[in-house]
Protein chains: 2
Amino acid sequence: MNGVLYGVGLGPGDPELMTLKAYRLISGAEVIAYPTLERGDSFARSIAEDIINEEVEEIAVEVPMSVERGPAQAAYDLGATQIAKRLREGKDVVVLCEGDPFFYGSFMYLFSRLNEEFKCEVVPGVTSVTACAALAARPLTARNEVLTIIPGPIDEAALEVRIAAAEAVAIMKVGRHLPKIRTVLDRLNLTQYAHYVERATLPNQLVLPLSAAPKTAPYFSMILVTKGNDPWL
Amino acid sequence: MNGVLYGVGLGPGDPELMTLKAYRLISGAEVIAYPTLERGDSFARSIAEDIINEEVEEIAVEVPMSVERGPAQAAYDLGATQIAKRLREGKDVVVLCEGDPFFYGSFMYLFSRLNEEFKCEVVPGVTSVTACAALAARPLTARNEVLTIIPGPIDEAALEVRIAAAEAVAIMKVGRHLPKIRTVLDRLNLTQYAHYVERATLPNQLVLPLSAAPKTAPYFSMILVTKGNDPWL
């Protein structure tokens, strides 16, 4: 009998924000897998580090950073092949995913390759969106407000249209797109409602009004725009 | 010295989807608080039930179901007064919140009343949105897709505009708005991409293509629309 593929969300970074289910599956795992950058770093693995047991087999899926899709797709093909081998031996494989596996996560690339042949279970995790709202002390959405989650890399015109039409906004993956996002928010007179959070829930996190944010941002950074006139009162 | 107010997310319903931090704070709490319906039911309390210690003091904030805001606001005023009393005695108060406290949660009504006087910490939780995506086996968003989260109660015209402009969509609080939502999705030719989930992660959950969903839906139900041509491949 084949093993089960688990895609396990680990939350935004603080290990205490993983779920009890993630804790159980990871600490008891026989085989784990995770994406790594070319130097071997894995943010997901670092979140789970303290609970990974010593006998576990680790499959590192080395994903090259590239704007072209081919090299990354080849890496997922290889990773899926390695994972499938263990699943066919009847071993469960636990894939470590930062945040939530199905929310801008790389797990879906493994899932799409393995879901037809194998039983897959996705364990949701805390996303950076609600973690950032908690840190910024800004309720995201009340009552019947619409929340729009926008990746920072989309082009300036599209970004402006999306933000202008939105009620509450979370802009993900800010990184090098910070100047563009600032320009758009300034033009829409929304900077006063914007909060900047980088490396949410990690020891070196930063939480500031956007107007006081640094000039450069890391990939793991977010801007929340909650226009509301204290709509929750 | 005053106690600390904790707003603690419990996730979508399965107690194993609470975070390690929620577990620690709730199991060690001296005072907990939670919203209840008039009959005394509290979904949040039911999720945490097995880890609430026997000596804990419980503050039930009885929120009347009403379309008018006055009666609910009065209930939150009273709850905040009771909680403030304990905080002033130097006791921490842990507020139990289904899902995430700042994501369509009632915690923000207590937070807005207590945040200025007392230290508050919000512990994010797994939202029903990613829990439903996990159950429906539908990745929510890949790469630079925009995700729009829409409350089902908004009026039909607004709903149609929002969905038509969106890439990936999660429609929350479906309940009695199911027929209206079906009509809009049919008109936009999106029913084929829509999945229906009710009572996600609870023993009586239901996960179906929208075309096969029941005629009536409970309040805790969601429709996910992921138009994607397997964009993650």
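The shown structure was predicted, so the numbers you read here are calculated from the model rather than taken from an experiment. (Residues numbered from 1 in each chain as written. Chains lettered and ligands numbered in written order. Predicted model: local features only at pLDDT ≥ 70, side-chain atom pairs only at ≥ 80, totals over all residues. Heavy atoms only, no water.)

**Considering the relation of the copies chain A and chain B**
Then, in step 1: The transform that puts chain A on chain B rotates by 180° and translates by 0.0 Å along the axis, for an RMSD of 0.0 Å. Expressed as a symmetry operation, the mapping of one chain copy onto the other fits a two-fold axis.
Then, in step 2: Take the interface residues of chain A: 100% of them recur as interface residues in chain B, which is what a same-surface contact looks like. (Least-squares fit on C-alpha atoms with pLDDT ≥ 70 in both. Contact = heavy atoms within 4.5 Å.)

**Some remarks on the pairing of strand S2 (residues 31-36) of chain A**
All names here are of chain A.
Then, in step 1: Here S2 lies mainly inside the structure; 5 of its 6 residues are buried.
Then, in step 2: In terms of strand pairing, S2 meets strand S3 (residues 57-62) through 6 bridges, oriented parallel. Its bridge partner being in S3, Ile-32 is matched across the sheet by Glu-58.
Then, in step 3: You can see the chain leave S2, run along helix H2 (residues 43-48) and come back into S3, and the turn it takes is right-handed.
Then, in step 4: As judged from the 3 bridges shared by S2 and strand S4 (residues 93-97), these two strands associate in the parallel manner. Across the sheet, residue Val-31 finds its bridge partner in S4, namely Val-93. (Buried < 20%, exposed > 50% of the residue type's maximum accessible area, 1.4 Å probe, protein only. Helix = DSSP H or I, 4+ residues; strand = E, 2+ residues; numbered from the N terminus. Pairing = 2+ DSSP bridges. Right-handed = clockwise from strand over helix to strand, strands pointing away.)

**Some words on the interface of chain A and chain B**
Then, in step 1: Counting residues at the interface gives 56 residues for chain A, matched by 56 residues for chain B.
Then, in step 2: Interface of chain A and chain B: buried area, both sides summed, is about 4800 Å²; carbon and sulfur atoms make up 60% of it.
Then, in step 3: Here Glu-167 of chain B makes a salt bridge to Arg-162 of chain A, at a shortest N to O gap of 3.9 Å.
Then, in step 4: In terms of residue count, strand S6 (residues 147-151) of chain A provides more of the side of chain A that touches chain B than any other element does, 5 residues in total.
Then, in step 5: The residue makeup of the side of chain A that touches chain B, split by class, is 34 nonpolar, 10 polar and 12 charged. (Buried area = accessible area lost by both parts, 1.4 Å probe. Salt bridge = Lys/Arg side-chain N within 4 Å of Asp/Glu carboxyl O. Nonpolar A, V, L, I, M, F, W, Y, C, P; charged D, E, K, R; others polar.)

**As for the sheet that holds strand S5 (residues 120-123) of chain B**
Residues and elements named next belong to chain B.
Then, in step 1: The parallel open sheet is built from 5 strands, whose spatial order is S3-S2-S4-S1-S5. The sheet is open, and its two borders are formed by strand S3 (57-62) and S5, each paired with just one other strand. Recorded for the sheet is a direction-independent mean angle of 20° between the axes of neighbouring strands.
Then, in step 2: Where helix H3 (residues 69-88) meets the sheet, its contacts fall on strand S1 (5-9), strand S2 (31-36), S3 and strand S4 (93-97), and the angle it forms with S3 comes to roughly 160°. (Axes fitted to C-alpha atoms, helices over the stretch in contact; angles between N-to-C directions.)

**Observations regarding the packing of aromatic side chains**
Then, in step 1: Inspection of every chain in the model, using the stated rule, returns 14 aromatic pairs over all chains.
Then, in step 2: With a centroid separation of 5.1 Å and 50° between ring planes, the pair formed by Phe-43 of chain B and Phe-220 of chain B is classed as tilted. Of the two residues, Phe-43 of chain B sits in helix H2 (residues 43-48) while Phe-220 of chain B sits in the loop between strand S9 (206-209) and strand S10 (221-226), which places them 177 residues apart along the sequence.
Then, in step 3: The partly exposed category is assigned to Phe-43 of chain B, whose relative accessible area is 23%.
Then, in step 4: An angle of 35° between the planes, with centres 6.2 Å apart, marks the rings of Phe-102 of chain B and Phe-107 of chain B as tilted. Just as Phe-102 of chain B is buried, Phe-107 of chain B falls in that class too.
Then, in step 5: Members of the aromatic cluster, each reached through a chain of ring pairs, are Phe-43, Tyr-219 and Phe-220 of chain A. (Phe/Tyr/Trp six-rings, centres within 6.5 Å; stacked < 30°, edge-to-face > 60°.)

**Considerations on the pattern of salt bridges**
Then, in step 1: Across all of its chains, the model carries 26 salt bridges over all chains by this definition.
Then, in step 2: Residue Glu-16 of chain B pairs with Arg-24 of chain A through a salt bridge whose shortest N-O separation is 2.5 Å. One end of the pair, Glu-16 of chain B, is in the loop between S1 and helix H1 (20-27); the other, Arg-24 of chain A, is in helix H1 (residues 20-27), on a second chain.
Then, in step 3: Owing to a relative accessible area of 21%, Glu-16 of chain B belongs among the partly exposed residues under this scheme.
Then, in step 4: Among the charged side chains, a network of salt bridges with common partners joins Glu-57, Lys-85, Arg-86 and Glu-89 of chain A.

**Here's the deal with the state of the cysteines**
Then, in step 1: As enumerated under the stated definition, the model contains 0 disulfides over all chains in all.
Then, in step 2: Lacking any disulfide linkage, Cys-97 of chain A is separated from the closest cysteine sulfur, that of Cys-120 of chain A, by 11 Å.
Then, in step 3: When its relative accessible area of 7% is taken as the criterion, Cys-97 of chain A is described as buried.
Then, in step 4: Distance from the sulfur of Cys-132 of chain A, which forms no disulfide, to the nearest cysteine sulfur (Cys-97 of chain B) is 18 Å. (Disulfide = S-S within 2.5 Å.)

**Here we look at unusual backbone geometry**
Residues and elements named next belong to chain B.
Then, in step 1: Of note, the phi angle at Tyr-104 is positive, near 55°, even though the residue is not glycine.
Then, in step 2: In this fold, Tyr-104 is placed in the loop between S4 and helix H4 (107-114).
Then, in step 3: The class for Tyr-104 is buried, based on a relative accessible area of 14%.
Then, in step 4: Although it is not a glycine, Ala-137 sits at a positive phi angle of roughly 55°.
Then, in step 5: Mapped onto the elements, Ala-137 comes out in the loop between helix H5 (128-136) and strand S6 (147-151).

**Side note on helix H3 (residues 69-88) of chain A**
Then, in step 1: The end-to-end C-alpha distance of H3 of chain A is 28 Å, a good match for the 28 Å that 20 residues give at a rise of 1.5 Å each.
Then, in step 2: Ala-72, Gln-73, Ala-75, Tyr-76, Gly-79, Ala-80, Ile-83, Ala-84, Arg-86 and Leu-87 of chain A are the residues of H3 of chain A that are buried. (Expected span 1.5 Å × (residues − 1).)

**A word on the packing of H3 of chain B against H4 of chain B**
Residues and elements named next belong to chain B.
Then, in step 1: The geometry of H3 relative to H4 is characterised by a closest axis approach of 9 Å and an angle of 60° between their N-to-C directions. Viewed along their axes, H3 and H4 adopt a mutual orientation that is oblique. Relative to H4, H3 is oriented so that their crossing is right-handed. Facing H3, whose interface residues are Gln-73, Tyr-76, Asp-77, Gly-79, Ala-80, Ile-83 and Ala-84, H4 presents Tyr-109, Leu-110, Arg-113 and Leu-114.
Then, in step 2: Counted by class, the contact of H3 with H4 contains 7 nonpolar, 2 polar and 2 charged residues. (Parallel < 35°, antiparallel > 145°, perpendicular 65-115°, else oblique. Left-handed = near helix turned anticlockwise from the far one by under 90°.)

**A look at the nonpolar core**
Then, in step 1: Among the nonpolar cores identified, the biggest contains 85 residues, and Leu-5, Ile-83, Val-95 and Ile-149 of chain A together with Ile-83, Val-95 and Ile-149 of chain B are the most heavily contacted of them.
Then, in step 2: Those residues in contact with Ile-83 of chain A that lie beyond four places of it in its chain are Leu-5, Ala-33, Ile-59, Val-93, Val-95, Leu-110 and Leu-114 of chain A.
Then, in step 3: Formed by 22 residues, the second largest nonpolar core is a distinct cluster that contains Leu-25, Ile-26, Ala-29 and Ile-52 of chain A. (Core = buried A, V, L, I, M, F, W, Y, C linked by side-chain atoms within 4.5 Å.)

**Observations concerning the domain arrangement of chain A**
Residues and elements named next belong to chain A.
Then, in step 1: When its domains are assigned, chain A resolves into domain 1 (5-123) and domain 2 (128-226).
Then, in step 2: Each partner contributes residues to the interface: domain 1 has 8 residues there, and domain 2 has 11 residues.
Then, in step 3: Each partner contributes to the roughly 750 Å² buried at the junction of domain 1 and domain 2, and carbon and sulfur atoms together form 76% of this total.
Then, in step 4: When the area that domain 1 buries against domain 2 is broken down by residue, the three leading residues are Pro-12, Phe-103 and Tyr-104, summing to 62%.
Then, in step 5: Connecting domain 1 to domain 2 are 0 salt bridges.
Then, in step 6: Where domain 1 meets domain 2, there are 1 residue pair in polar contact (both at pLDDT 80 or more).
Then, in step 7: Here the side of domain 1 that touches domain 2 is composed, by residue class, of 5 nonpolar, 1 polar and 2 charged. (Domains from an automatic or database assignment. Polar contact = N/O pair within 3.5 Å; in protein donor to acceptor, adjacent residues only side chain to side chain.)

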